[in-house]
Amino acid sequence: MPTPMQPRPSAEAPVVPLNGTRIQARSVSQRVRGAGRVLDDVSLDLAPGQVTVIAGSSGAGKTVLLQTLAGLRAPTVGAVLHDGTRPGAPGPEFAFVPQEDIIHRELPLHRTLVYAAGLRMPAGTPAEAVTVRVDGVLETLGLSARAPTPVRALSGGERKRACIAVELLTRPQVLFLDEPTSGLDPVTGAALLRTLSALAGEGTTVVLTTHTLADLLRGDQVVFLSPGGEVAYAGEPGALCGAFGVGTVDEVYEAVAGGARVERAVPADVKETAPPDVERTGAPSPVPPRRVGAVRQWSLLTRRGTALLLHDRLSAAVLAGSPVMIVAMFAVLFRAGAFDPAAPDPGSTAMIMFWIAFGAFFFGLTYGLLQICTELPVLRREWLAGLRIGPYLASKLTTMLPVLAVADALLLVVLRALDRLPAAEWTTYGSLFVSSVLASAAALALGLLASAAVTEPAQATLMLPLLCFPQVLFSGAFVPVPRMTGAGEAISWAMTNRWAFEALGSGVGLESLWRAGASPLGRPLLESYGDSFGHPAGRGWLVLAGFAVLFLAVTWVILVRKCREGVVRSRAGR
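The residue numbers shown here count from 1 along each chain, following its written sequence. Per-residue local features are limited, in this predicted model, to residues with pLDDT of at least 70; the limit for side-chain atom pairs, both in listing and counting, is 80 or more; totals at the level of whole chains, interfaces and linings are taken over all residues. Computation of side-chain values covers all heavy atoms of the structure but excludes hydrogens and water.

1. Some points on helix α1 (residues 62–70)
The buried fraction of α1 is high, at eight of nine residues. Exposure categories follow from relative accessible area, calculated using a 1.4 Å probe and restricted to protein chains: below 20% of the type maximum is buried, above 50% is exposed, and the middle band is partly exposed. Strands are runs of DSSP state E lasting at least two residues, helices are runs of H or I lasting at least four, and both sets are numbered from the N terminus onward. Turning to α1, its buried residues number three or more, namely K62, V64, L65, L66, Q67, T68, L69 and A70. Positive phi shows up at G71, right after α1, with a value of about 85°.

Set out below in structure tokens:
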């Protein structure tokens, strides 16, 4: 009976291609900004169907070499060839597993892989074929029994295999892994290496980096880098210790750190630095599969985002808690009847409009702040697989805006039921609803921008008060815009809350209410606010929509830049 970590034969199991990719590095040197030269004159020949283990001390350039061999970094000097040609944009034959998890943790494993397959497999693939492929990959990696388990409940080794499963969905010819056994216990790490060896035995070229000593003896070839990024050894694992005249792998690290290096003859075709400028001759290249289109990507991402939202307890708590908190605040802050035409309370009416604006802002911001930073590794890998940033951002809006609209509508309904808003026509409440939704949309876009700009969720949490305080101070509610200094007024122009506050005030008719009311506070308050509520609500709508578009455009730029960091196509060197 096969062990859980070993591939099990099955009539439905996927067949990995028997023609793996041959990878050659020709006198490759690599410089990294801020670190100088990381690789120095590296020449290698990695045969198809083998497991190549890249080792070396910390800072020796293992990850940089892996990215360079994968074609994600163009070498500063020299060339990398995949089957005799420079690697272009990653395709279905390419698989790269970074150190971070590249799958979401909230959904069951099988469902997670179905969404990943929908983005990676050729357009038009029937749902039945996707399911068969996912089932086959799970069986190959010994994860069939864990298919209904949420990814967060998997063990460390199972999550590593789950990330590999994502990459095997497209039957890649070459599989790159950055420290796949890091953090695993020895038994689980050894089992994972056996799984990778089995994949290599079926034809896939497997290249991995490692810090685990035992991994060096489990591959077909070891590439050991010196601290200066040179190849200190490249050859069979069994000859590693003998080549340095030591008895253990630990001593190999000590010898290499002391400057030891095994000279070896490199074939001339690997050492030559000028790669051919023409494509391989021989059998014609297969027609690349049709990639998933933008609309299809948007649809898949929207469905996945909705599923993640429903399964994520933190997001569910924020979704449910924010409207409740705002409504409770209104109930205890303001008395009923502030909008009574016979005896209005101008101060309370202004504050009610402000807190509606801020509530809509708070809903959108909190919903957007954790949307991107928590899944950036997933986004980067899916971007390499062909995901477009535009559909990705559009899916965030499609997932979150209906939720925000419901929250805004609920807020208005409850406030009217509590007599914190006036008895008015549907046109008035239609205007208030549009103002609230646009305020939430602009805040959501701002939250997505902040989420894209930070590097981890903790930083996004710290951004919440930093983004909220200016919106409160410069909204024009507590200090009317005409009473601000020149600098304060200039800052207020950039605050979405100002435009939402003014649009809401215009929509509910604050200016006419204050002018007609019997309260002596009405006219002085009207004078202090100037013409803040004298413009049509549509003016604020246009400004809020413009801010939303601007924030989304900047978010797009940031995400494209982050996805391209360190990913310089080798083809650009032509």
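Anyway, onward from the coordinates.
2. Topic: the packing of helix α9 (residues 294–311) against helix α13 (residues 389–417)
A fitted line through C-alpha atoms serves as each axis, taken over the contacting stretch for helices, and the angle formed by two N-to-C directions is quoted from 0 to 180°. At their nearest, the axes of α9 and α13 sit 8 Å apart, and the two run at 45° to each other. With respect to α13, the element α9 is oriented oblique. At the point where α9 passes α13, the crossing takes the right-handed sense. Seen from α9, the contacting residues are A294, Q297, W298, L301, T302, G305, T306 and L309; seen from α13, they are P391, Y392, A394, S395, T398, T399, M400 and V403. Each residue gets one label: Ala, Val, Leu, Ile, Met, Phe, Trp, Tyr, Cys and Pro are nonpolar, Asp, Glu, Lys and Arg are charged, and the others, such as Gly, are polar. Here the residues of the contact of α9 with α13 sort into nine nonpolar, seven polar and no charged. Our angle categories are set so that under 35 degrees counts as roughly parallel, over 145 as roughly antiparallel, 65 to 115 as roughly perpendicular, and the remainder as oblique. The hand of a helix crossing depends on one turn: near helix anticlockwise from the far one by less than a right angle means left-handed, and clockwise means right-handed. By the convention used here, residues are in contact when the closest approach between their heavy atoms is within 4.5 Å.

3. Structural notes on the side chain of R498
Along the chain, R498 turns up in helix α17 (residues 496–508). Residue classification places R498 among the buried residues on the basis of a relative accessible area of 5%. R498 has contacts with F474, S475, V481, E489, S492 and W493, leaving out every residue within four places of it along the chain.

4. Observations concerning the nonpolar core
Nine residue types can take part in a nonpolar core, namely buried Ala, Val, Leu, Ile, Met, Phe, Trp, Tyr and Cys, and a core is a set of them joined through side-chain atoms within 4.5 Å. Grouped together as the largest cluster of nonpolar side chains are 106 residues, with contacts concentrated most on L44, L69, F176 and M353. Top element by residues in this core is helix α11 (residues 346–369). It accounts for 16 residues. Among the nonpolar cores identified, the runner-up in size contains 37 residues, and V134, L143, A165 and L169 belong to it.

5. What to know about the environment of E502
Its location among the elements puts E502 in helix α17. Excluding residues that lie within four positions of it along the chain, E502 makes contacts with V481, S532, F533 and R539.

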